[in-house]
Amino acid sequence: MKKEIEIVVPKDYSAVSLKKYLKIQDDLETYKDDKEAQDAFLLYNIIGLTPEVIIKLDSDTITSIKKDLYAFLGKTDFELQKFVTIDGVKYGFEPNLSKMAYGAYLDLSSYQNIALDKNWASIMNILYRPVTKTKGALYSIEPYSSEKQDNRDKWLDVNMDIHFGCFFFFNRILKELTKDTLKSLREAALEDQAVNPHTKRILQESGALINRLLS
């Protein structure tokens with residue numbers, strides 16, 4: 001008698017906290033040279049398929065599950081959540097990045113990469129702070145203080161839907177700012193008659209390279 005098994009590929013990361021996500025990333029690094037081991041690890045940790053169940057599935061089913069799993073893992077259309085409530089405290093995303101406190105900017109700049117790694121909880125702690133006032137769609141958050149960075153661990157238990165929303169939003173902003181800055185610098189340099197042709201060519205080529213790297 002055949003036994004039916006319900007296999008559900010998740011549609012969101014509501015059950016995956018930052019702590020669990022970082023652990024998965026660390027473990028995947030262990031299997032970086034073994035694609036099959038990585039697949040088996042993800043099937044178990046994301047979907048809950050044990051090796052005992054996997055060996056009972058036919059190849060078409062496994063292929064279909066992997067296709068859905070990697071489509072899910074490749075999602076980038078997460079919305080920025082302006083507000084997050086943790087332990088009864090409502091936190092708001094930095095309302096105006098262009099007017100971010102200099103101390104917050106310096107602390108963000110201290111990280112070489114803006115990535116979902118061991119430093120991400122600290123970055124979230126800079127970008128999100130307790131809401132102090134709301135008026136319609138407008139809101140204010142607590143002034144930034146480097147001294148309060150010691151409570152960043154609270155972000156480890158927040159689900160990845162929220163972290164991805166902030167990550168992709170912040171990176172889109174950085175990319176747009178980088179491209180706009182490079183474009184302005186190139187245009188200014190090319191308009192300057194004092195710049196020699198060799199320098200102009202370098203500016204043009206570097207701009208093209210940056211665009212490829214951003215892509």
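This write-up is about the structure you can find in this document. Position numbers for residues start from 1 in each chain and track the written sequence from start to end. Where local features are concerned, this predicted model is filtered to residues with pLDDT of at least 70; where side-chain atom pairs are given and counted, the filter is 80 or more; whole-chain, interface and lining totals use all residues. As a rule here, side-chain values come from all non-hydrogen atoms in the structure, and water together with hydrogens is ignored.

Description of the packing of aromatic side chains
Ring pairs shown here join Phe, Tyr and Trp side chains whose ring centres sit within 6.5 Å, with only the six-membered ring taken for Trp; geometry is labelled stacked below 30 degrees between planes, edge-to-face above 60, and tilted in between. Here the structure, examined in full by the defined rule, presents 16 aromatic pairs. Ring plane angle 45 degrees and centroid distance 5.9 Å describe the contact between Tyr-31 and Phe-41, whose orientation is recorded as tilted. Placement of the pair is Tyr-31 in the loop between α1 (18-30) and α2 (35-47) and Phe-41 in helix α2, with a sequence separation of 10 residues. Pairing Tyr-128 with Trp-155 gives two aromatic rings, centres 5.3 Å apart and planes at 45 degrees, and the pair type is tilted. Placement of the pair is Tyr-128 in strand β3 (residues 128-135) and Trp-155 in the loop between β4 (138-141) and α7 (160-191), with a sequence separation of 27 residues. In this structure an aromatic cluster arises from ring pairing among Tyr-13, Tyr-21, Phe-72, Phe-78, Trp-120, Phe-164, Phe-167 and Phe-168. The criterion is that NZ of a Lys, or CZ of an Arg, lies within 6 Å of the ring centre and within 35 degrees of the ring normal, and then a charge sits over that ring. Sitting over the ring of Phe-78, Lys-75 keeps its end group 4.9 Å from the ring centre. Across the ring face of Phe-83, the terminal group of Lys-90 is positioned such that the distance to the ring centre comes to 4.4 Å. For helices the rule is a DSSP run of H or I covering at least 4 residues; for strands it is a run of E covering at least 2, with both sets numbered from the N terminus onward.

A short note on the pairing of β4
When accessible area is computed with a 1.4 Å probe and restricted to protein chains, residues below 20% of their type maximum are described as buried, those above 50% as exposed, and intermediate ones as partly exposed. Residue alternation in β4 divides its side chains into a buried set, Tyr-139 and Ile-141, and an unburied set, Leu-138 and Ser-140. Pairing of β3 with β4 involves four bridges; the strand directions are antiparallel. When the bridges of β4 are listed, Thr-134 appears paired with Tyr-139. Pairing between strands requires that DSSP locate at least two bridges from one strand to the other. Connecting β3 to the next strand, β4, in antiparallel fashion are two residues, including Gly-136 with a positive phi near 65 degrees.

Comments concerning the packing of α2 against helix α4 (residues 59-73)
Throughout, an axis means a line fitted to C-alpha atoms (over the contacting stretch in the case of helices), and angles, computed between N-to-C directions, take values from 0 to 180 degrees. In contact at an axis separation of 11 Å, α2 and α4 are set at 75 degrees when each is read in the N-to-C sense. When the axis of α2 is compared with that of α4, the two are roughly perpendicular. Between α2 and α4, the contacting residues are Lys-35, Asp-39, Leu-42, Leu-43, Ile-46 and Ile-47 on the first element and Ile-65, Lys-66, Leu-69, Tyr-70, Phe-72 and Leu-73 on the second. By residue class, the composition of the contact of α2 with α4 is nine nonpolar, no polar and three charged. Working definition: roughly parallel below 35 degrees, roughly antiparallel above 145 degrees, roughly perpendicular at 65 to 115 degrees, and oblique for all remaining angles. In what follows, a contact means two residues having at least one pair of non-hydrogen atoms within 4.5 Å. Under the convention adopted here, Pro, Cys and the residues Ala, Val, Leu, Ile, Met, Phe, Trp and Tyr are nonpolar, Asp, Glu, Lys and Arg are charged, and Gly plus all remaining residues are polar.

Structural notes on the pairing of β3
As defined by bridge partners, strand β2 (residues 89-93) adjoins β3 across three bridges and the pair is classed as antiparallel. Residue pairing across strands places Phe-93 opposite Tyr-128, the latter belonging to β3.

Considering the layout of surface pockets
Considered as a void within the structure, the largest pocket measures approximately 410 Å³ in volume. Cavities and pockets were defined on a 1 Å grid built over protein atoms only: a cavity is a set of grid points that admits a 1.4 Å probe from which the probe cannot escape, a pocket is an open set flanked by protein on both sides within 12 Å along at least five of seven lines, and lining residues are those with an atom within 4 Å of any such point. In terms of lining, the largest pocket is formed by 15 residues, of which the most central are Met-100, Tyr-105, Leu-108, Phe-170 and Leu-174. Only α5 (102-109) and α7 provide two or more residues apiece to the lining of the largest pocket. Here the lining of the largest pocket is composed, by residue class, of 10 nonpolar, four polar and one charged. By volume, the second largest pocket is sized at about 230 Å³. Forming the walls of the second largest pocket are Tyr-13, Val-16, Tyr-21, Ile-24, Gln-25, Leu-28, Gln-38, Leu-42, Ile-46, Tyr-70, Leu-73 and Phe-164. Contributing elements (two or more residues each) for the lining of the second largest pocket: α1, α2 and α4. Counting residues per element, the lining of the second largest pocket draws most heavily on α1, which supplies four residues. Of the residues in the lining of the second largest pocket, the class split is 10 nonpolar, two polar and no charged. Grid points are joined across faces, edges and corners, and a volume is the space filled by probe spheres set on the points.

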